[in-house]
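# Analysis of the macromolecular model
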Amino acid sequence: MTRKYHHLLTLERDGCWYPQFGDYDKQVVIDERRDCYVGSGTYGYKAKQVKIVTLADVKQALTEYLSDLNAEAIQAGKGERFFARMSGEA
């Protein structure tokens, strides 16, 4: 059985969601979101620009999830950075 992994995603200016942090312990990801990403945290994202998703602990699961989530931005031609980052080129 595959372990579950919790991913912290952020919505960037190009309209795509990107993985920023992850852990097997969901509370660690929740704390990271609170402390570093939302509001007065280090990066200052708005709450609607940050989400936590739980997926199987395989890279393919995250890649497929993000491709579906980002489909609209990719169709609009804004996915170049997304594909480069997911393939390890960026």
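For the structure itself, consult the block above.
What this report covers is the structure whose coordinates are included nearby. (Residues numbered from 1 in each chain as written. Predicted model: local features only at pLDDT ≥ 70, side-chain atom pairs only at ≥ 80, totals over all residues. Heavy atoms only, no water.)

### Observations regarding the overall build of the protein chain
If you tally the helices and strands in the protein chain, you get four helices and three strands. Secondary structure elements of the protein chain, listed N to C terminal, follow the sequence β-β-α-β-α-α-α. Within the protein chain, buried positions represent 34% of all 90 residues. When contacts within the protein chain are restricted to residue pairs at least 6 apart in sequence, long-range pairs at least 24 apart make up 50% of them. Summed over its atoms, the accessible surface of the protein chain is roughly 5800 Å², and 48% of this surface lies on carbon and sulfur atoms. (Helix = DSSP H or I, 4+ residues; strand = E, 2+ residues; numbered from the N terminus. Buried < 20%, exposed > 50% of the residue type's maximum accessible area, 1.4 Å probe, protein only. Contact = heavy atoms within 4.5 Å. Areas by Shrake-Rupley, 256 points an atom, 1.4 Å probe, with all protein chains shown as cover.)

### Points about the side chain of Asn 70
Tracing the sequence through the fold places Asn 70 in the loop between α2 (59-69) and α3 (71-75). Looking at Asn 70, the relative accessible area reads 1%, which means it is buried. Those residues in contact with Asn 70, other than ones at most four positions away along the chain, are Gly 15, Cys 16, Trp 17 and Phe 82.

### Some thoughts on the packing of aromatic side chains
In this description, a pair of aromatic rings is defined by centroid distance and the angle of the planes. Applying the stated criterion across every chain yields a total of three aromatic pairs. With 4.8 Å between their ring centres and 85° between their planes, Tyr 5 and Tyr 24 make a pair best called edge-to-face. Linking Tyr 5 in strand β1 (residues 4-11) with Tyr 24 in the loop between β2 (17-23) and α1 (26-37), this pair joins segments that are 19 residues apart in sequence. On the basis of relative accessible area, Tyr 24 is assigned to the partly exposed category, the value being 33%. (Phe/Tyr/Trp six-rings, centres within 6.5 Å; stacked < 30°, edge-to-face > 60°.)

### Remarks on α2
Among all positions of α2, only Ala 61, Leu 62 and Leu 66 are buried. The buried residues of α2 occupy an angular sector of 120° when projected down its axis, which confines them to one face. (Arc of directions from axis to C-beta.)

### Thoughts on the sheet that holds strand β3 (residues 50-56)
Spatial strand order, β2-β1-β3: three strands in an open sheet with antiparallel pairing. Among the strands making up the open sheet, the edge pair consists of β2 and β3. Going across the sheet, the axis of each strand differs from the next one's by a mean of 35°, ignoring polarity. Sheet topology note: the β1/β2 ladder contains six bridges and is antiparallel. Across the sheet, residue Thr 10 finds its bridge partner in β2, namely Tyr 18. (Pairing = 2+ DSSP bridges. Axes fitted to C-alpha atoms, helices over the stretch in contact; angles between N-to-C directions.)

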